[in-house]
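Inside the fold
Chain residues, written in single-letter form:
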Amino acid sequence: MKSLVLVFCLAQFWGCHSAPPAVGPAYRELNCDDPETEQAALVAVDYINQHLSRGYKHTLNQIDKVEVWPRRPMGEVFEMEIDTLETTCHALDPTPAANCSVRQLLEHAVEGDCDFHVLKQNGEFHVLSAKCHSSPDSAEDVLKVCPHCPLLAPFNDTRVVHAVEAALTTFNSQSNGSYFQLVDVSRAQLVPLPVSTYVEFVVAATDCVAKEVTDPAKCNLLAEQQYGFCKATLTEKVGGEDVAVACTVFQTQPVLPQPQPDANAPTPAVASVVPAPPPANLPAGPIMLGAPRLVFPVHRAHYDLRHTFTGAASVESSSGEAFQVGKALKVTQPGVVGPVTPPCPGRIRHFKI
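Residues numbered from 1 in each chain as written. Predicted model: local features only at pLDDT ≥ 70, side-chain atom pairs only at ≥ 80, totals over all residues. Heavy atoms only, no water.

According to the stated counting rule, one finds two cavities of 30 Å³ or more in the structure shown. Looking at the largest cavity, its volume works out to about 40 Å³. Grouping the constituent residues of the lining of the largest cavity by class yields five nonpolar, three polar and two charged. (1 Å grid on protein atoms, 1.4 Å probe; cavity = no way out; pocket = protein on both sides within 12 Å on 5 of 7 lines; lining within 4 Å. Points joined across faces, edges and corners; volume = space filled by probe spheres on them. Nonpolar A, V, L, I, M, F, W, Y, C, P; charged D, E, K, R; others polar.)

Inspection of the entire model under this criterion finds 14 salt bridges. Between Arg28 and Glu76 there is a salt bridge; the shortest N-O distance is 2.8 Å. Residue Arg28 is located in the loop between helix 1 (2-18) and helix 2 (35-51), and its partner Glu76 is located in strand 2 (residues 76-90); the two are separated by 48 residues in the primary sequence. A relative accessible area of 25% means that Glu76 is categorised as partly exposed. Of the charged contacts, one joins Arg300 and Asp184 as a salt bridge, the two residues approaching to 3.8 Å between their closest N and O atoms. (Salt bridge = Lys/Arg side-chain N within 4 Å of Asp/Glu carboxyl O. Helix = DSSP H or I, 4+ residues; strand = E, 2+ residues; numbered from the N terminus. Buried < 20%, exposed > 50% of the residue type's maximum accessible area, 1.4 Å probe, protein only.)

A word on helix 2. Think of an α-helix as 3.6 residues a turn; residues three or four steps apart then line up on the same face. Compared with an ideal rise of 1.5 Å per residue, which puts 17 residues at 24 Å, helix 2 spans 25 Å between its outermost C-alpha atoms and is within 8% of the ideal. Looking at helix 2, one finds that the buried residues are Glu36, Thr37, Ala40, Ala41, Ala44, Val45, Ile48 and Asn49. Structurally, helix 2 contributes buried residues whose contacts are with strand 1 (56-70), strand 2, strand 3 (110-121) and strand 4 (124-136). The residue sitting at the N-terminus of helix 2 and contributing the capping side-chain oxygen is Asp34; that oxygen lies 2.8 Å from the backbone nitrogen of Glu36. (Expected span 1.5 Å × (residues − 1). Contact = heavy atoms within 4.5 Å. Polar contact = N/O pair within 3.5 Å; in protein donor to acceptor, adjacent residues only side chain to side chain.)

Here you go:
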């Protein structure tokens, strides 16, 4: 009996050590410049721009990494790392991002770094999760290229605050229509020569007429929200200052009709009013200021993409099965010995920060 027990234990020991290590499902690595990879990356960038309500639209600059994982029961998940660049179009500007100019290095460019999971199923791409952050180019790098170029300035700088106040006052004094309130400051630079302050900011129309306003605090934002984007320069001069401001007012954003209750339906004891969500093709509006008092985030000089997404979406399927991250088998090309490492990162479409 003891001999049988010994043989059984030895068999179990041998089986445990001879079993191959557990690995996850095979994933394939695509070339970062493969058309399929680029298509997934463009869907990811569109996802960023659709969820922006502040700052500026972004465009694809480089694909750093891509791994394609199988997803049960069907489809594939593209696990991607991409770099983006800020454009000159504000998030509320209806201009398609493809038609927006990329902000150049001399203008103190801003780069975004993003991690995405993009599902491809039945030939269509859908974003499952997104995580981004963005940062301006370093002051040292900008000054190496252009020693006298203005750098980004904090929005709470006293000169920036004054420039925005003066520009908004000037714009309203020249307006024959609605009185506009400040929504958000988007960009500011302190120009050394000539000594001036350059600002970009968003405004919203109110129910007051600009020429007739006596107490701006009594003005209310329009039900059909109407935004404008302004660029202004306040130039200091002996004995005073000059303000030049130009604003582009966008079309109104209609209010969604609320569903009407059925007259024959029983009235609930407690009714909860839930505001309708914004249309899918319109970004959620920025937080409005109820009064013309200016409020600026402390020491912020740009809008960081990390604030765009409030939470990470699940990458699991409805059946609870998902792609596995960890130990996995790489899919290699037929007839080639050993794993093939595709060229990544991919090409730079504009410039590297």
